[in-house]
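# Structural description and commentary
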Amino acid sequence: MSFFKKIAVILICALAVLIPVIAFEWPQTNVDSDSFFSFFGQKRAGIISNSLIFSESETACSTDEGQISIILTEHEDGFNWFESTLGTSVIVSHEDSLLTVYGNLDTDELNENLFSEHNVKTGTEFSTTGNSAWQESDSFLEFQIIDTQSRNYINPLILMPRIEKKEALTLTGIALKNKLGKIYSLETQKNIPAGVYKIYRNRQKLSVPYKTSIIVNGAELERITYDTINQVETDLAVDGRNSYTAKDIYPDDNLMLMGELYLPHGKNKITLILTDFSGNEKAREFSLTVY
């Protein structure tokens, strides 16, 4: 297991080719396409979510063997890494500098053995999931994976057994926005001035891609990935050519950034690609006259 985790983390850090890497079991017994309230990387309370949040109350279990590092109850928390918004939580340390975090647990149902038995096995039960965290009423287990060596959050979908997601990726509402804030809809406008633009698509309420790519005239100009989330000063950010915070990725409730690009004078072909965690792609092309 340790070997596979090391391979997984190397792949994540190198942004390598997608392959189905499995290092952990799911933290709930029943997991299907309807099990999720919010995915890692989605907009949540003004930030980029660093959690995978489940939509049904079940018993939370350890995803792998390890040692209990911290047990937090309700909102009594003095640790900078683990905000009190997690509520009652169990944090487990694994090999290869990885932590798994199980938040929004039911305080009254917490397994009392956890306070005396510090080692856990795969499937060790922690508690049913409740409403101890600062979440919306129809969301339950809040699950995180943290690489303490790199000090970033890892998207759990990379290290979990594959599952088909409920909401397919879509490429709609494509628009360019220049530095002056003027918006050009690529759905209807084919003649635009040369310059630097941000390009957006309609945000989906649940799904988040593994990566978004922008190709102009055959050359990839931008790639934003959602495999890890990093801390940039006081903000959480994802990586592309730049580090993009929530206000960059989600300028409002309806849009999601695909990246930034420069369009020179002449004929230009823009190719936009969304890639999910199974390697499936959704692509669109736009031909523009740039003056």
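### Re the pattern of salt bridges
Overall, the coordinates contain four salt bridges when judged by the stated rule. Among the ionic pairs, Asp253 bridges to Lys43, the shortest N-O distance being 2.7 Å. Placement of Asp253 in the loop between helix 3 (246-249) and strand 21 (255-263) and of Lys43 in strand 2 (residues 43-44) is noted, with a sequence separation of 210 residues between them. Among the residues examined, Asp253 registers a relative accessible area of 45% and is labelled partly exposed. A salt bridge links Glu142 to Arg44, with the shortest nitrogen-to-oxygen separation between them at 3.0 Å. Separated by 98 residues along the polypeptide, Glu142 in strand 11 (residues 142-147) and Arg44 in strand 2 bring together distant segments of the chain. Given a relative accessible area of 3%, Glu142 falls into the buried group.

### Describing the packing of aromatic side chains
Tallied over the full model, the rule gives eight aromatic pairs. Judged by centre distance (5.4 Å) and plane angle (50°), the ring pair of Tyr102 and Phe143 falls under tilted. With Tyr102 in strand 8 (residues 98-103) and Phe143 in strand 11, the pair connects residues that are 41 residues apart, well separated along the chain. Pair check on accessibility: Tyr102 and Phe143 agree, each one buried. When the centroid spacing of 5.3 Å and the interplanar angle of 75° are considered together, the rings of Tyr210 and Phe277 count as edge-to-face. With Tyr210 in the loop between strand 16 (195-202) and strand 17 (211-216) and Phe277 in the loop between strand 22 (266-275) and strand 23 (281-290), this pair connects stretches of sequence that are 67 residues apart. With respect to class, Tyr210 is no different from Phe277; both count as buried.

### Notes on the sheet that holds strand 13 (residues 175-178)
Read across the sheet, four strands follow the order 14-13-16-21 without closing on themselves; strand pairing throughout is antiparallel. One side of each edge strand has no neighbouring strand; the edge strands of this open sheet are strand 14 (183-185) and strand 21. Across the sheet, the mean angle separating the axes of adjacent strands is 30° when strand polarity is ignored. In this sheet, strand 14 lies alongside strand 13 in antiparallel orientation, the contact comprising three bridges. Bridge assignment links Lys177 to a residue of strand 14, and that residue is Ile183.

### Section: unusual backbone geometry
If a residue is not glycine, its phi is most likely negative; likewise, a peptide bond is most likely trans. In this structure, Ala45 is a non-glycine residue whose phi angle is positive, near 50°. Here Ala45 lies in the loop between strand 2 and strand 3 (47-48). What makes Ala45 exposed here is its relative accessible area of 82%. One non-glycine residue, Ser97, lies in the positive phi region at around 65°. Tracing the sequence through the fold places Ser97 in the loop between strand 7 (89-93) and strand 8. With relative accessibility at 30%, the residue Ser97 sits in the partly exposed group.

Scoring rules and cut-offs
- Residues numbered from 1 in each chain as written.
- Predicted model: local features only at pLDDT ≥ 70, side-chain atom pairs only at ≥ 80, totals over all residues.
- Heavy atoms only, no water.
- Salt bridge = Lys/Arg side-chain N within 4 Å of Asp/Glu carboxyl O.
- Helix = DSSP H or I, 4+ residues; strand = E, 2+ residues; numbered from the N terminus.
- Buried < 20%, exposed > 50% of the residue type's maximum accessible area, 1.4 Å probe, protein only.
- Phe/Tyr/Trp six-rings, centres within 6.5 Å; stacked < 30°, edge-to-face > 60°.
- Pairing = 2+ DSSP bridges.
- Axes fitted to C-alpha atoms, helices over the stretch in contact; angles between N-to-C directions.

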